[in-house]
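Descriptive analysis of the structure
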Amino acid sequence: MRVAVAGAGLAGLTAAARLSEAGADVSVHEREPTVGGRVRTDRHDGYLLDRGFQVLFPAYPAAKTELDLDALDLQTFSSGAVLARASTGERSVLADPLREPRALVESAFNREVTTIDKLRTLVLRRNVAMRDEDETFARSDNSIREYLRKWGFSQQYVERFVAPFYGGITLDRSLATSKRVFEYTFKMLSAGPAALPAEGMGAISRQLRVRAERAGATVETDAAVESVVATDDGARVSLADQTLNVDAAIVATDPPTARELTGVDSVPTEGPGSVTQFYTLPGHAAIDTRRRIVLNVEGPAPNALVPLSSVAPGYAPGDRQLLCATFLAADDFDPFVMSDDALAERTHEAFAAWYPERAAGGLKRLETVRVPFAQFAQPPGVHDRLPTVDAPAGEVYLAGDYTEWSSIQGALRSGRTAAAAVSK
Ligand SMILES: Cc1cc2nc3c(=O)[nH]c(=O)nc-3n(C[C@H](O)[C@H](O)[C@H](O)COP(=O)(O)OP(=O)(O)OC[C@H]3O[C@@H](n4cnc5c(N)ncnc54)[C@H](O)[C@@H]3O)c2cc1C
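Small disclaimer: the values here were computed from a predicted structure and weren't measured.

Quick look at the domain arrangement of the chain
Domains assigned within the chain are domain 1 (2-39 + 203-269 + 380-423), domain 2 (41-106 + 193-200 + 274-371) and domain 3 (113-183). Taking only C-alpha atoms, the centre of domain 1 and the centre of domain 3 are 32 Å apart. Listed as interface residues are 5 residues of domain 1 and, on the opposing side, 8 residues of domain 3. By residue class, the composition of the side of domain 1 that touches domain 3 is 3 nonpolar, 2 polar and no charged.

Quick word on the packing of helix α1 (residues 10-21) against helix α9 (residues 202-214)
It is at 8 Å that the axes of α1 and α9 come closest, and there the two elements cross at 25 degrees. By the angle class used here, α1 and α9 are roughly parallel. α1 and α9 meet at a crossing whose hand is left-handed. Note on element contacts: α9 touches α1 through Ile204, Ser205, Leu208, Arg209, Arg211 and Ala212, opposite Leu10, Leu13, Thr14, Ala16, Ala17 and Ser20. Its residues placed into classes, the contact of α1 with α9 shows 7 nonpolar, 3 polar and 2 charged.

Some details on α1
A rise of 1.5 Å per residue sets the reference length of α1, with its 12 residues, at 16 Å; its end C-alpha atoms lie 16 Å apart and thus fit the reference within 8%. Most of α1 is tucked away, with 11 of its 12 residues classed as buried. Those residues of α1 lying buried are Leu10, Ala11, Gly12, Leu13, Thr14, Ala15, Ala16, Ala17, Arg18, Leu19 and Ser20. Taken together, the buried residues of α1 touch β1 (2-6), β2 (25-29), α2 (61-66), α9, β13 (248-251) and α13 (408-423). Phi turns positive, to about 100 degrees, at Gly23, one or two residues after α1.

Here we look at the site of the ligand
In the neighbourhood of the ligand, 35 residues make up the surrounding shell, with Gly7, Gly9, Gly37, Gly52 and Gln54 lying closest. Where the shell around the ligand is concerned, the elements lending two or more residues are α1 and α13. Broken down by element, the residue count for the shell around the ligand peaks at 4 residues, all from α13. Along the lines of polarity and charge, the residues of the shell around the ligand split into 13 nonpolar, 16 polar and 6 charged. Split by domain, the shell around the ligand shows at least three residues from each of two domains, domain 1 (2-39 + 203-269 + 380-423) and domain 2 (41-106 + 193-200 + 274-371).

Digging into the sheet that holds strand β9 (residues 218-220)
Taken together, 5 strands build an open sheet; the order of strands is β9-β2-β1-β13-β19 and the sheet is parallel. In the strand order of this sheet, the two ends are held by β9 and β19 (396-398), each with one partner. Averaged over all pairs of adjacent strands, the angle between strand axes in this sheet comes to 20 degrees, irrespective of strand direction. Sheet topology places β1 next to β2; 5 bridges connect them, and they run parallel. Bridging across to β2, Arg2 finds its partner in Asp25. Helix-sheet contacts for α1 involve β1, β2 and β13, and the interaxial angle to β2 is about 165 degrees.

Let's talk about the nonpolar core
Judged by nonpolar contacts, the single largest core of 125 residues is most densely connected at Ala249 and Ile250. Looking at this core, the element that brings in the most residues is α1, giving 7 residues. For Ala249, the contacting residues outside a window of four places in its chain are Ala4, Ala6, Val228, Ala235, Val237, Glu395 and Val396.

Here we look at the environment of Asp334
When you line up the elements, Asp334 lands in the loop between β17 (320-327) and α12 (340-354). Exposure remark for Asp334: the 14 C-beta atoms within 10 Å place this residue in the partly exposed category. Put simply, Asp334 and Ala301 are 33 residues apart on the chain and 9.4 Å apart in space, counted from C-alpha to C-alpha.

Details of the environment of Phe278
With respect to the helices and strands, the residue Phe278 is situated in strand β14 (residues 274-282). Judged by C-beta crowding, with 24 C-beta atoms within 10 Å, Phe278 ranks as buried. On a C-alpha basis, the gap between Phe278 and Val306 in space is 9.4 Å, while along the polypeptide they are 28 residues apart. Discounting residues that sit within four places of it in the chain, Phe278 has contacts with Leu49, Leu322, Cys324, Leu366 and Glu367.

Comments concerning the pairing of β17
Within a regular strand, the side chains alternate between the two sheet faces. Burial within β17 is extensive, with 7 of its 8 residues counted as buried. Here 8 bridges tie β14 to β17, and the two strands are oriented antiparallel to one another. Its bridge partner being in β17, Pro282 is matched across the sheet by Arg320.

Quick word on the sheet that holds β17
Sheets are built from strands paired through backbone hydrogen bonds, the pairs being either parallel or antiparallel. Pairing is mixed in the open sheet, where 7 strands are placed in the order β7-β6-β15-β16-β17-β14-β18. Sheet topology places β7 (90-94) and β18 (364-371) at the edges, where each strand pairs with a single neighbour. Between one strand axis and the next, the sheet turns through 25 degrees on average, direction left out of account. Both strand β6 (residues 81-85) and β7 contribute to a ladder of 5 bridges, which runs antiparallel. Its bridge partner being in β7, Ala84 is matched across the sheet by Arg91.

Things to note about the packing of α1 against α13
Where α1 meets α13, the axes come as close as 7 Å, and the angle between the chain directions of the two elements is 40 degrees. Judged by the angle between their axes, α1 and α13 are oblique. Viewed along their axes, α1 and α13 form a crossing whose handedness is right-handed. Of the residues in α13, those touching α1 at Leu10, Ala11, Gly12, Leu13, Thr14, Ala15, Arg18 and Leu19 are Ile408, Ala411, Leu412, Ser414, Gly415, Arg416, Ala418, Ala419, Val422 and Ser423.

What counts as what
- Residues numbered from 1 in each chain as written.
- Predicted model: local features only at pLDDT ≥ 70, side-chain atom pairs only at ≥ 80, totals over all residues.
- Domains from an automatic or database assignment.
- Contact = placed C-beta atoms within 7 Å.
- Nonpolar A, V, L, I, M, F, W, Y, C, P; charged D, E, K, R; others polar.
- Axes fitted to C-alpha atoms, helices over the stretch in contact; angles between N-to-C directions.
- Helix = DSSP H or I, 4+ residues; strand = E, 2+ residues; numbered from the N terminus.
- Parallel < 35°, antiparallel > 145°, perpendicular 65-115°, else oblique.
- Left-handed = near helix turned anticlockwise from the far one by under 90°.
- Expected span 1.5 Å × (residues − 1).
- Buried ≥ 20, exposed ≤ 12 C-beta atoms within 10 Å, placed from the backbone.
- Near = placed C-beta within 6 Å.
- Pairing = 2+ DSSP bridges.
- Core = buried A, V, L, I, M, F, W, Y, C linked by C-beta atoms within 7 Å.

Structure (structure tokens):
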């Protein structure tokens, strides 16, 4: 069986690996010079710069089945976060006491959130642990904010911890995103740490590429697919310099392109972007967060500061440190229209207020990464309206996070489901 895959993101590469391993003759065609789509890493003077800050949850079921996690040499974050407040210069730790008993005392005395909130978190944890992914995404839906209100969490807990932490994950600090995404990521984080591969997030995509190639697939980069059409006996895939007649085609591009290529109306085309700015610090000026992310309890600019090389030392050369700040859009703040200098100034101000004992001047801007389409928008109920992998006509299939939910788990699982549909 001859199969062509358009797009070498996680979904396309997983589909290609699975089908090749099952004996199909697979070719992958990727528009960009490198594979990985939204999961890529650039090298810059010995620093590893992911295309936007993101992490892998090793507890994702599809990460366990599709990836060789040991080979990724995962470097893990500590649970919870440092909550930072510029107006008073206060910093405090909020950790998961079940995963990190050593942080129990610090967390118990954290005054940013109430004791009742801390106890409710433990009850919520037991509650979400009972449901698997399918059940979580099949249940009735609501916004994260409304869901937490119904659970009785205080406004202060929602604003000071959930908004920067889960708003950072969903790229929406207003917490209007589907509570299903919150429940499932909360469950994943209760089950294990967030992690970075030692060689950067792009190592995940490279590993999938090698897996597919070892099984016999060919992967062609700088090769945009221009059209995909179902035919009487398969599909016709056109690129600038060639036309392929195949038994089946998988469209594994980003969602807006997938909609254009297949005409399937239920493929979502709107979604939040992400802005990440990278900085270096001399090694002696490193901040000690004990491998935790620093959250801005007061606003989205920056939403968080991440000590990347303290978590994964390979992200920075020699005795240098690599950090990044993430910026989220708000009513009165759009990081996409702000200059790199203006964003850096916001980080310098926050850093100086949060860490007055460190010289903020040592923080040097390295690069700003703007990803216009980072996830598809996930308002409550959206997952009920997403296309299935066999939504296009004939032997044309879809693979992409948007057939599941916007995440690494969603993309890997979608690739596997598409491969199974083609093999049927
Ligand atoms: C900044 C950021 C932070 C994130 N944080 C997290 C996180 O912490 N945890 C998590 O689980 N998920 C996170 N995500 C989401 C996750 O990365 C995505 O859901 C997932 O990578 C999507 O994979 P995909 O294969 O579906 O699509 P994509 O990665 O978009 O892959 C599509 C591929 O198709 C290619 N393509 C497009 N058009 C064509 C064409 N015409 N011909 C050929 N090829 C084409 C593209 O170049 C691309 O390589 C984040 C995403 C971003 C951007």
